[in-house]
Amino acid sequence: YLMINRSIHQEDTMSVNIYEPNIGILKYIKQILMNIKGETDSNTIIVGDFDIPLSTTDRATEQKINKEILDLNCTFDQMDLTDIYGTLHPTAAEYTFFSSAHGIFFRIDHMLGHKTSGNKFKKIEIISSTASDHNGIKLEINKKNFGNSTNKWKLNNMLLNNMLTQWVSEEI
């Protein structure tokens with residue numbers, strides 16, 4: 001995962017991009033959430049290819065949500081996180097991924113935000129892509145709830161150093 005602290009419309013915001021391995025997905029996402037729990041607030045947006053539908057509306061077929069996904073959703077609730085797309089489009093049947101092996105559409109790419117920050121988001125939409133097997137997600141920020149835009153990006157290099165150090169230590 002990658003955390004980026006930046007200023008959007010003169011308000012400090014943290015974006016967390018999660019891309020997980022194909023095995024142990026739910027455990028991996030939950031562990032990342034536990035790792036960043038103390039650093040998240042109402043200005044945190046978590047995005048990523050979660051490789052799983054989080055609700056029954058996230059898949060084109062009627063299929064129950066398993067216990068592990070319910071547990072992950074419980075973790076989201078405990079952290080006051082909500083699926084931004086699902087909140088703004090609760091009944092929409094739009095998907096970010098098509099599995100040609102199964103012939104089924106899914107919404108497995110997600111954007112999560114704090115439950116109290118709903119008024120900060122103007123619009124979210126799924127953007128079709130012909131160059132990838134995943135469609136994109138576009139989030140528009142509501143300028144009425146922010147100051148003027150500064151377009152300032154700041155990467156905390158310590159995060160990269162800590163990740164690199166941990167990886168090297170594990171490899172040794």
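Please read these numbers as outputs of a predicted model, since none were measured by experiment. (Residues numbered from 1 in each chain as written. Predicted model: local features only at pLDDT ≥ 70, side-chain atom pairs only at ≥ 80, totals over all residues. Heavy atoms only, no water.)

A. Expanded view of the overall build of the protein chain. Broken down by element type, the protein chain carries four helices and ten strands. From first element to last, N terminus to C terminus, the protein chain shows the α and β order β-β-α-β-α-β-α-β-β-β-β-β-β-α. Residue burial in the protein chain is summarised as follows: out of 172 residues, 37% are buried. The long-range fraction of contacts in the protein chain, counting pairs at least 24 apart against all pairs at least 6 apart in sequence, stands at 68%. Total accessible area computed for the protein chain in this model is approximately 10,500 Å², and 52% of it derives from carbon and sulfur atoms. (Helix = DSSP H or I, 4+ residues; strand = E, 2+ residues; numbered from the N terminus. Buried < 20%, exposed > 50% of the residue type's maximum accessible area, 1.4 Å probe, protein only. Contact = heavy atoms within 4.5 Å. Areas by Shrake-Rupley, 256 points an atom, 1.4 Å probe, with all protein chains shown as cover.)

B. Here's a closer look at the pairing of strand S3 (residues 44–49). Of all six residues in S3, five are buried, a share of seventy percent or more. In the classification by handedness, the crossover that spans strand S2 (residues 11–19), the intervening helix H1 (residues 25–36) and the parallel S3 is right-handed. Summarising the sheet, S3 and strand S7 (residues 109–114) pair through five bridges and their orientation is antiparallel. In the strand pairing of S7, Gly48 is matched with His110. (Right-handed = clockwise from strand over helix to strand, strands pointing away. Pairing = 2+ DSSP bridges.)

C. Region of interest: the environment of Lys27. Structurally, Lys27 is set in helix H1. Between the alpha carbons of Lys27 and Leu72 there is a distance of 8.6 Å; along the sequence they are 45 residues apart.

D. View of helix H2 (residues 67–78). Helix length check: H2 (twelve residues) gives 16 Å between terminal C-alpha atoms against 16 Å at 1.5 Å per residue, within 8%. All buried positions along H2 are accounted for by Ile69, Leu72, Thr75 and Phe76. Along the long axis of H2, the arc covered by the buried residues comes to 110°, so they all point the same way. Exposed residues on H2 whose side chains face more than 90 degrees from its buried face are Lys67, Leu70 and Gln78. Considering only its buried residues, H2 is in contact with H1, strand S4 (81–83) and S7. Where H2 begins, the capping side chain belongs to Asn66, and its oxygen is found 3.1 Å from the backbone nitrogen of Glu68. Asp80 sits one or two positions beyond H2 and adopts a positive phi of about 60°. (Expected span 1.5 Å × (residues − 1). Arc of directions from axis to C-beta. Polar contact = N/O pair within 3.5 Å; in protein donor to acceptor, adjacent residues only side chain to side chain.)

E. Focus on H1. With twelve residues, H1 extends 17 Å from end C-alpha to end C-alpha; this agrees with the ideal 16 Å at 1.5 Å per step. Regarding H1, the residues found buried are Ile25, Leu26, Ile29, Ile32, Leu33 and Ile36. Down the axis of H1, the smallest arc covering the buried residues is 130°, so these residues share one side. Buried-residue contacts for H1 involve strand S1 (2–8), S2, S3, H2 and S4.

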